[in-house]
Amino acid sequence: MRSFHAIRARILKKKWLFVFSAAPYSGSASQELLDQLMTVAAFDQPVTLLLLDDGVYHLRQGQQAVQGGPREISRLFAALSMLDVPEPLVEQESLHERGMSIHDLNQAVQLVQRPTISELVSRHDLVVGL
Amino acid sequence: MKYAIQINASPFASAACDTAYRFVEAVLAAGHEVPRIFFYQEGIHNAWRKASHPDAGHDAVLRWSALAERHGIDLVVCVSAALRRGMTAGPAGELQGAATNDLADGFRLSGLGQSVEAMLECDRFMQFGRVS
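Okay, so let's go over this structure. (Residues numbered from 1 in each chain as written. Chains lettered and ligands numbered in written order. Predicted model: local features only at pLDDT ≥ 70, side-chain atom pairs only at ≥ 80, totals over all residues. Heavy atoms only, no water.)

A closer look at the overall build of chain B
- When helices and strands are counted, chain B shows five helices and five strands.
- Start at the N end of chain B and walk to the C end: the helices and strands fall as β-α-β-α-β-α-α-β-α-β.
- The C-alpha radius of gyration computed for chain B amounts to 14 Å, which stays within 12% of the reference 14 Å derived for 132 residues, consistent with globular compactness.
- Considering only C-alpha atoms, chain B reaches an extent of 45 × 35 × 30 Å along its principal axes. (Helix = DSSP H or I, 4+ residues; strand = E, 2+ residues; numbered from the N terminus. Rg over C-alpha atoms; globule rule 2.2 N^0.38 Å.)

Written as structure tokens, this is what we have:
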């Protein structure tokens, strides 16, 4: 069945925007949203990833997974390039409001400004996770 | 118009499922189609076969089953989200050593590919319950 879906997905292509707006490590929500993102990307769909509000903490430098606890979520973000997912977009104002800058993040990102978010959303066919 | 629906919230912890149910009813009443509803994250709690509701006027599970039967809606529960929360059915349950069927009538377990397919093929996508 998976290959059947994959064939259909190649014919039908939409632009997907995945938005992480809540803090990580609050249950399995981040992991499950990432699972959905990775499934979409594996179907060869163009995916954009946007972090805003407390979602910017997903890429905070200095995360340390403890043994027996949840996996370090930023490692999963770092692996997304293998699925051809471009660098995450991070809302600059969200960083600033939390006393952070791009230097506090543990991977390369592209900064976007709050006034451009609505235009960003309108450029996509599907928004998941907002 | 075809609508793909995703529900991420538990009916026992959020009003989002109630909103979703009423939205689906309204969409169908307006002559649109809802081929599939995908239950993800805490949304899997909409599918418990043995959920018991003392309040007869608000059966959060049975009403999905009834709606699906009336309108031929495919109720898909994400298998990994379900297994993570101890919900099993059919072959997925047998693999876990549990030959039980936790799913109410009309629900089935399947993978995230089902949600991708529905979202690709439908004209509109609506999700209920905050994801992340």
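From this point, the narrative continues.
Re the packing of aromatic side chains
Residue and element names in this part refer to chain B.
- Throughout the structure, instances matching the rule amount to eight aromatic pairs over all chains.
- Measuring from ring centre to ring centre gives 5.3 Å for Tyr21 and Trp64, while their planes differ by 75°; the resulting arrangement is edge-to-face. In this pair, Tyr21 is assigned in helix α1 (residues 16-29) and Trp64 in helix α2 (residues 62-71), connecting sequence segments 43 residues apart.
- A relative accessible area of 9% places Tyr21 in the buried class.
- According to the relative accessible area criterion, Trp64 is buried, its value standing at 1%.
- Here the aromatic cluster, defined as three or more aromatic residues joined through ring pairs, consists of Tyr21, Phe39, Trp64 and Phe107. (Phe/Tyr/Trp six-rings, centres within 6.5 Å; stacked < 30°, edge-to-face > 60°. Buried < 20%, exposed > 50% of the residue type's maximum accessible area, 1.4 Å probe, protein only.)

So, the pairing of strand β2 (residues 33-39) of chain B
Residues and elements named next belong to chain B.
- Of all the seven residues making up β2, five are buried; the element is thus mostly covered by neighbouring parts of the structure.
- Relative to β2, strand β1 (residues 2-7) runs parallel, the two being bridged by five bridges. When the sheet's bridge partners are listed, Lys2 is paired in β2 with Glu33.
- Looking at chain direction, β2 and strand β3 (residues 74-78) are connected through four bridges and run parallel. Residue pairing across strands places Phe39 opposite Val77, the latter belonging to β3. (Pairing = 2+ DSSP bridges.)

Considerations on the nonpolar core
- One finds Val24, Val34, Ile37, Trp64, Ile73, Val77 and Phe107 of chain B to be the most contacted residues of the largest nonpolar core, which totals 38 residues.
- Listing elements by their share of this core, those giving two or more residues are β1, α1, β2, α2, β3, α3 (79-84) and β4 (107-110) of chain B.
- Sorting elements by how many residues they give to this core places α1 of chain B first, with seven residues.
- Excluding its chain neighbours within four sequence positions, the residues that come into contact with Trp64 of chain B are Ile7, Cys17, Ala20, Tyr21, Val24, Ile37, Phe39, Asn46, Leu75 and Phe107 of chain B.
- In this structure, Leu33, Leu49 and Leu105 of chain A together with Ala118 of chain B belong to the second largest nonpolar core, which totals 33 residues. (Core = buried A, V, L, I, M, F, W, Y, C linked by side-chain atoms within 4.5 Å. Contact = heavy atoms within 4.5 Å.)

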